Amino acid sequence: MGFVSRAFKGRPRDQPRDARVPPGQYLVRDFPVLSAGPTPHTPLAEWSFSIDGEVDAEKHWTWEELRALPSETVTRDIHCVTKWSKLDTIWEGVSVDTLLEGVETAADYVMAVCDGGYTTNLPLEDLTGGKAWIAHAFDGQPLESQHGGPGRLLVPHLYFWKSAKWIRGLRLMNDDSPGFWETYGYHMYGDPWLEQRYSGD
Ligand SMILES: Nc1nc2c(c(=O)[nH]1)N[C@H]1C(S)=C(S)[C@@H](COP(=O)(O)O)O[C@H]1N2
Ligand SMILES: [Mo]
């Protein structure tokens, strides 16, 4: 009987592997590191997280304040534009919904801003509704600095360049504006299922 209920649950983990790999991607078991520059090492005592830009009132958290917020454990597949995908990665993080509670804004877009100067742009709706986290742990361990620790954005439904490492804030914007890779021709949105790798895809 086990196979019957399993087949009907329809959860991602129960789908055939191929159905979980977007077009043009291959699976990896390791966890590649892709960084456009050196890994920043901001001491936690100096670390802060901000929501600013087109908001009625800015919000700021220290590392301790962020860690005092409720965290969720999520298991998700991730897809890098360089064509590797990794299934069932396990993260812990603070939902962006939690951070945006009480924030009044008419903005439709967000620039994720990071230590080291990396940026990436996303529609606000792709960060809300349980779709994005500020992740601080991977595989049950504090997030390694090479993978974006102490905290990185996790937006697994878009190509992984949108999951900004060493994130320090979300800047709300009325209009879309390209971030770091988007300025070099990467897609403004980056849906892996539509293979939106480069502008024009
Ligand atoms: N701050 C910052 N975030 C970043 C990047 C970067 O260079 N700097 N690279 C992006 C790209 S292209 C990818 S594929 C993923 C890689 O994350 P990983 O090194 O943990 O695999 O981080 C994304 N976030
Ligand atoms: Mo990437």
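One can find the structure itself at the top, above this paragraph.
Along every chain, residues carry numbers that run from 1 in the direction the sequence is written. Chains carry letters and ligands carry numbers; both start at the beginning, A for chains and 1 for ligands, and go up in the order they are written. The predicted nature of this model means local features are confined to residues of pLDDT at least 70 and side-chain atom pairs, given and counted, to a pLDDT of 80 or more, with totals for whole chains, interfaces and linings taken over all residues. Calculated side-chain values reflect all of the structure's heavy atoms, with hydrogen atoms and water omitted.

**Looking at the overall build of the protein**
Put simply, DSSP marks the helices as runs of H or I at least four residues long and the strands as runs of E at least two long, and each gets a number from the N terminus on. The secondary structure content of the protein amounts to four helices and eleven strands. For a compact globule the rule gives 2.2 Å times the number of residues to the power 0.38, and the radius of gyration it is set against comes from C-alpha atoms. A compact globule built from 201 residues would reach a C-alpha radius of gyration of about 17 Å, and the protein, at 17 Å, matches this within 12%. Taken along the three principal axes of its C-alpha coordinates, the protein extends 55 × 40 × 35 Å. Residue exposure (1.4 Å probe, protein chains only): buried if accessible area is under 20% of the type maximum, exposed if over 50%, otherwise partly exposed. Of all 201 residues assigned to the protein, the portion counted as buried reaches 46%. Contacts are residue-level and defined by heavy atoms, with any inter-residue pair within 4.5 Å sufficient. Counting only contacts in the protein whose residues sit at least 6 apart along the sequence, the fraction spanning at least 24 positions is 67%. His is not counted, nor are the chain ends; Lys and Arg add positive charge and Asp and Glu add negative charge. To locate a charge, take NZ of a lysine, CZ of an arginine, CG of an aspartate or CD of a glutamate. One way to put it: in the protein the 19 positive side-chain charges average out to a point 10 Å from where the 29 negative ones average out.

**Some points on the site of ligand 1**
Being near a molecule or strand, for a residue, comes down to having at least one heavy atom within 4 Å of it. Residues in close proximity to ligand 1 total 20 residues, the closest being P32, A36, H147, R152 and K165. Between N or O atoms, a polar contact is any pair within 3.5 Å; within protein, one atom must be a potential hydrogen donor and the other a potential acceptor, and residues adjacent in sequence are included only when both atoms are from side chains. At 2.6 Å from an oxygen atom of ligand 1 is found a main-chain nitrogen or oxygen belonging to P32. Separating an oxygen atom of ligand 1 from a backbone N or O atom of L34 is a distance of 2.9 Å. Here ligand 1 loses 97% of its free accessible area of 520 Å² to cover by the protein chains. Side-chain classes are defined by residue name, with Ala, Val, Leu, Ile, Met, Phe, Trp, Tyr, Cys and Pro counting as nonpolar, Asp, Glu, Lys and Arg as charged, and the others, Gly among them, as polar. Split into classes, the residues belonging to the shell around ligand 1 amount to 14 nonpolar, four polar and two charged. What sets the accessible areas is the Shrake-Rupley method with a 1.4 Å probe; for residues, cover comes only from the shown protein chains.

**Considerations on the side chain of H136**
With respect to the helices and strands, the residue H136 is situated in strand β8 (residues 133-138). Within the local environment of H136, its side chain forms a polar contact with the side chain of S71, the two groups lying 2.7 Å apart. Among all residues touching H136, those that are not within four sequence positions of it are W63, R67, S71, E92, G93, V94, Q141, P142, L143 and P150.

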